[in-house]
Amino acid sequence: VLVHRAMGKLQSKISFSTSKYRADSSVEGTGPVQAIQQHGPTHTDAVTSVAALKPDLCVSGGRDKSVAVCCWRSGAVLRRFIGHKREVTKVTSALDSNRVFSASRDKTVMMWELHGTSGPSQHFPGHDLVVTGLAVSPDGSQLCTGSRDNTVCKWDTETGECLGRTAISRNLVTHLCWVPGEPYVIQTSEDKTIRIWDSRELQVAHTFPAKRHIQTCCDVSQDGRYCLSSSSGSAGEGGEATLWDLRQTRNQVCEYKGHFQTTTSCVFLPWDPALTPRIATSSYDSTVKVWDQETRGRE
């Protein structure tokens, strides 16, 4: 299941196609395409974040201050969590778990139980400004959060205790993601850098060379070997996604260029043995592009 982060009214979309995607976002049809199934709005205002929860469930957060759990097959809203005082900025979960985490402009993070009450089961206060990064460890025991207050914090999800807090000057966090099977967390920032944090001591283990533009988002491949970051941009300048090697060399592998405005999200697509690895990017230029990870879209 691929869940894209998107702005606007949340609409679950299902399409079945054997189409071949090209980097210029055109589609070469090679088989019949069924009608797209659309569902009514889940939130009453813009959707700010979406994440996978279970194979048939996704979680979303919005400007309406709520967190919703939906079945993408039926479009049904199964749970709605209310508790934040301002808009929700990020949502996440440990895949296949029953716990949902949300960050907000109210400077807090909350944990919700899929089969619990509508109120939060845990609070994580402590940031001084809006929380803009959220990543949970694969086993769900720890949480990393980042904020525009230049700090990254680590939390015990059971007790709510803050286990560590590190501040770096001008490190306005834009996104966090946990490396599968590792104690490392990837972080993007408005200072144009991508950092690898060692969550055990909450120290920076590596910083990639700074890009020319603000880094807006990041994702890690399922095998933990690569990470992606996306750049801000305008008028055809910037807006690229960058592939980085997380192994010993920790080099920039390549860039994916084609968006004309800020690239807001980047994601590795689920691996399919019949296809070469693919990634997807979305942008303020109103497009979603699917790329061949190895050839940068040249098929």
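Along each chain, residues carry numbers from 1 onward, in the same order as the chain's sequence is written. Predicted model: local features are reported for residues with pLDDT of at least 70 only, side-chain atom pairs are reported and counted for 80 or more only, and whole-chain, interface and lining totals are derived from all residues. Computation of side-chain values: all heavy atoms of the structure, hydrogens and water removed.

Per an unreviewed UniProt entry, the protein chain goes by WDR31 protein and derives from Haliaeetus albicilla.

Novice: Please clarify how the pairing of strand β15 (residues 173–178) should be interpreted in this entry.
Specialist: It is a general feature of regular strands that their side chains alternate between the two faces of the sheet. Residue burial is assigned from relative accessible area. The probe radius is 1.4 Å, only protein chains are included, and a residue is buried under 20% of its type maximum, exposed over 50%, and partly exposed in between. By the criteria applied, helices consist of DSSP H or I runs no shorter than four residues and strands consist of E runs no shorter than two, each listed in order from the N terminus. Among the six residues that make up β15, six are buried, leaving the element largely enclosed by the rest of the structure. Strand pairing is assigned whenever DSSP identifies at least 2 bridges connecting the two strands. Taken together, the five bridges between β15 and strand β16 (residues 184–189) define a ladder with antiparallel strand orientation. Paired with W178 across the strands is V185, a residue of β16. Count of turn residues in the β15/β16 antiparallel hairpin: five residues, of which G181 carries a positive phi of about 70°.

Novice: I'm lost on the confidence of the model for the protein chain in this one. Help?
Specialist: The predicted structure's coordinates, where accompanied by low pLDDT, should not be read in detail. Mean pLDDT over the protein chain works out to 88, with 87% of the residues at or above the 70 mark. Within the model, the stretch residues 1–31 combines pLDDT values under 50 with 86 contacts to residues more than four positions away or in other chains. Within a predicted model, pLDDT stands for the predictor's per-residue confidence, ranging from 0 to 100. Contacts: residue pairs with any heavy atoms within 4.5 Å of one another.

Novice: Looking at this structure, how should I read the pattern of salt bridges?
Specialist: If the charged atoms of two oppositely charged side chains come close together, the side chains can form a pair. Throughout this description, the term salt bridge denotes a Lys or Arg side-chain nitrogen within 4 Å of a carboxyl oxygen of Asp or Glu. Applying the stated rule across the entire model yields 14 salt bridges. D191 serves as the salt-bridge partner of R195, at 2.7 Å between the closest nitrogen and oxygen. We classify R195 as buried; its relative accessible area is 7%. Ionic contacts of the salt-bridge type, sharing partners, join the residues K211, E240, E255 and K257 into one network.

Novice: Explain the packing of aromatic side chains to me, please; I cannot follow it from the model alone.
Specialist: The geometry of an aromatic ring pair is captured by the separation of the ring centres together with the interplanar angle, meaning the angle of the planes. Note on aromatic pairs: the rings of Phe, Tyr and Trp (six-membered ring only in Trp) are paired at centre separations within 6.5 Å, and the planes decide the class, stacked below 30 degrees, edge-to-face beyond 60, tilted for the rest. For the structure on display, the rule yields five aromatic pairs. A ring pair is formed by F81 and W112, whose centres lie 5.2 Å apart and whose planes are at 25°; its orientation type is stacked. Residue F81 is located in strand β6 (residues 77–82), and its partner W112 is located in strand β9 (residues 109–113); the two are separated by 31 residues in the primary sequence. Joined through ring pairs, the aromatic side chains of F101, F124 and W155 make up one cluster.

Novice: Before we go on, may I ask you to explain the sheet that holds strand β8 (residues 99–104) in this structure?
Specialist: Each strand in a sheet pairs with its neighbour through backbone hydrogen bonds, running either in the same direction (parallel) or in the opposite one (antiparallel). A sheet is described by the order of its strands in space; here four strands give the open sequence β7-β8-β9-β10, paired in antiparallel fashion. The open sheet has two edge strands with one neighbour each: β7 (88–92) and β10 (122–124). Taken pair by pair, the neighbouring strands of this sheet meet at an average axis angle of 20°, ignoring direction. Here β7 runs beside β8; their pairing, made up of four bridges, is antiparallel. The partner of V88 across the bridge, within β8, is S104. Axis definition: a line fit to C-alpha positions, over the contact stretch in the case of helices; interaxial angles, taken between N-to-C directions, run 0 to 180 degrees.

Novice: Sorry if this is basic, but what is going on with the environment of S121 here?
Specialist: Mapped onto the secondary structure, S121 falls in the loop between β9 and β10. Look past the residues within four positions of S121 in its chain and what remains in contact with it is M111, W112 and E113.

Novice: What is the right way to look at the sheet that holds strand β5 (residues 66–71) in this model?
Specialist: In spatial order, the strands read β3-β4-β5-β6; together these four strands make up an open sheet with antiparallel pairing. The sheet is open, and its two borders are formed by β3 (47–54) and β6, each paired with just one other strand. Taking the axes of each pair of neighbouring strands and ignoring which way they run, one obtains an average angle of 20° across the sheet. With five bridges joining them, β5 and β6 adopt antiparallel strand pairing. Considered in β6, the bridge of V67 is made with F81.

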